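# Examination of the molecular architecture
These are the residues of each chain, in order.
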Amino acid sequence: MAAVGGRAHTGGMDTEALFGRSLLTTHDWSVADLDTLLAVAAALELLDRAGVRTELLPDELAYAMFFDNSTRTKSAWAGAAARLGMQPVIVDGSSTQVAHGETAEETGAMLGMNAHALGVRHDLILGEGNSFMRDVLRGISDYLAATADPRVVPVVNLQCDVDHPTQSLADLLWLREHFGGDVAGRRITVSWAYSPSYAKPLSVPQGVVSLLTRFGAHVTLAHPEGYDLLPEPMAWAAEGAAASGGSFRVTHDMDDAFAGADAVYPKSWGPLALMTERVAANRAGDGAAMRDIEQRALTTNAAHRDWICDERRMGLTRDALYLHCLPADIGAEVTSGVMERFRVQVAREANKKVYVIMAMLAVAKVPDLPGRLAALAGP
Ligand code: CP
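Residues numbered from 1 in each chain as written. Predicted model: local features only at pLDDT ≥ 70, side-chain atom pairs only at ≥ 80, totals over all residues. Heavy atoms only, no water.

Here Ser195 shows up in the loop between β7 (187-192) and α6 (203-212). At 3.1 Å, the side chain of Ser195 and the side chain of Ser197 are in polar contact. When sequence neighbours within four positions are dropped, the list of residues in contact with Ser195 reads Lys200, Ser268, Leu298, Asn301, Asp329, Ala332 and Glu333. (Helix = DSSP H or I, 4+ residues; strand = E, 2+ residues; numbered from the N terminus. Polar contact = N/O pair within 3.5 Å; in protein donor to acceptor, adjacent residues only side chain to side chain. Contact = heavy atoms within 4.5 Å.)

Estimated volume of the largest pocket: approximately 310 Å³. Taken together, 20 residues line the largest pocket, and the ones lying closest to its centre are Arg121, Gln159, Tyr198, Leu326 and Pro327. Counted by class, the lining of the largest pocket contains six nonpolar, seven polar and seven charged residues. Built from parts of two domains, the lining of the largest pocket gets at least three residues from each of domain 1 (3-163 + 354-377) and domain 2 (166-349). (1 Å grid on protein atoms, 1.4 Å probe; cavity = no way out; pocket = protein on both sides within 12 Å on 5 of 7 lines; lining within 4 Å. Points joined across faces, edges and corners; volume = space filled by probe spheres on them. Nonpolar A, V, L, I, M, F, W, Y, C, P; charged D, E, K, R; others polar. Domains from an automatic or database assignment.)

The next thing to look at is the domain arrangement of the chain. The domains assigned to the chain are domain 1 (3-163 + 354-377) and domain 2 (166-349). The partner domain 2 presents 29 residues to the 29 residues of domain 1 that form the contact. With both chains or domains summed, domain 1 and domain 2 bury close to 2500 Å², and 62% of this area falls on carbon and sulfur atoms. On the domain 1 side of the interface with domain 2, the three residues burying the most area are His27, Leu38 and Leu126, jointly 25% of the side's total. Here domain 1 and domain 2 share two salt bridges between them. Arg283 serves as the salt-bridge partner of Glu128, at 3.8 Å between the closest nitrogen and oxygen. (Buried area = accessible area lost by both parts, 1.4 Å probe. Salt bridge = Lys/Arg side-chain N within 4 Å of Asp/Glu carboxyl O.)

So, in structure tokens, the structure goes:
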């Protein structure tokens, strides 16, 4: 761990293997590398809370494109970049020339010739976001190689169709703090919950189950029939549990999932069949079909209004910690009473993301990071 007696601890930390890396899914990274990233995040948090300036990347440009709404992740990107001495710039992805047919590789090359790090959120359409990010990274890498440009420009996934890695890593950091250092052996429930607002992406539950299972947690995924997650992250979760000594199971009963849980993460996502149907409608640019699918998704959701995190269900747990990536539909996904009880905890959970993004940019871009952090921490 990176926190010893409230001081940043960098002894034994080796970030060399992470230099130049991008973060497109947590599955791309080994458990050891993720542990190192989280140790750096914890060290940076301690330095920040102690008021130590951490301007490790002065005057660099941290550019982020959002093809969907965001409150927390945008501010975490800006906060992380500013704390590192970088200049954050956040643009609406739909205002770029991607909307006029510019390819992801071209976009990557164009942004990579100026920026020093690139964040992307592209989460609404299955099959598109993660592959867009991989193409952007290829465009940047090819441009830098072709021009013999030594800059390192990592791409950070700020939520795609498959994963939301800065969220799931922030959640893991928060869970480790809550449980005193480790999630191994803890019973953690990720559950679907009713939402009337919009058909939310699948990437948060996919990211959380595929990450926590790799760290020895006993993860239960609960959802009504028809709300399956994508096969690939489900396979990652099963493989992760087998390798770590944790476990992974699926139930269609929310009470069963809450019984005996140490932590619960109830949130909504869209029905898989309709999320899949949306792919073709989006490709065809058929706005009417997109609106019709959205309406049918909300009607489908409405058949499961009883999937709510309330005090009765919290009473089935082992005094569980309530988590949510936010924003939550209060009165639908969670009662106002439960949310009020955990209001500060979910804000602290959200605040971990700034340190995850700082760590990601620092490990990718700062040579001899452990030495630099040790110098900042002082004798
Ligand atoms: N949890 C999360 O990613 O929040 P935003 O959508 O507000 O960024």
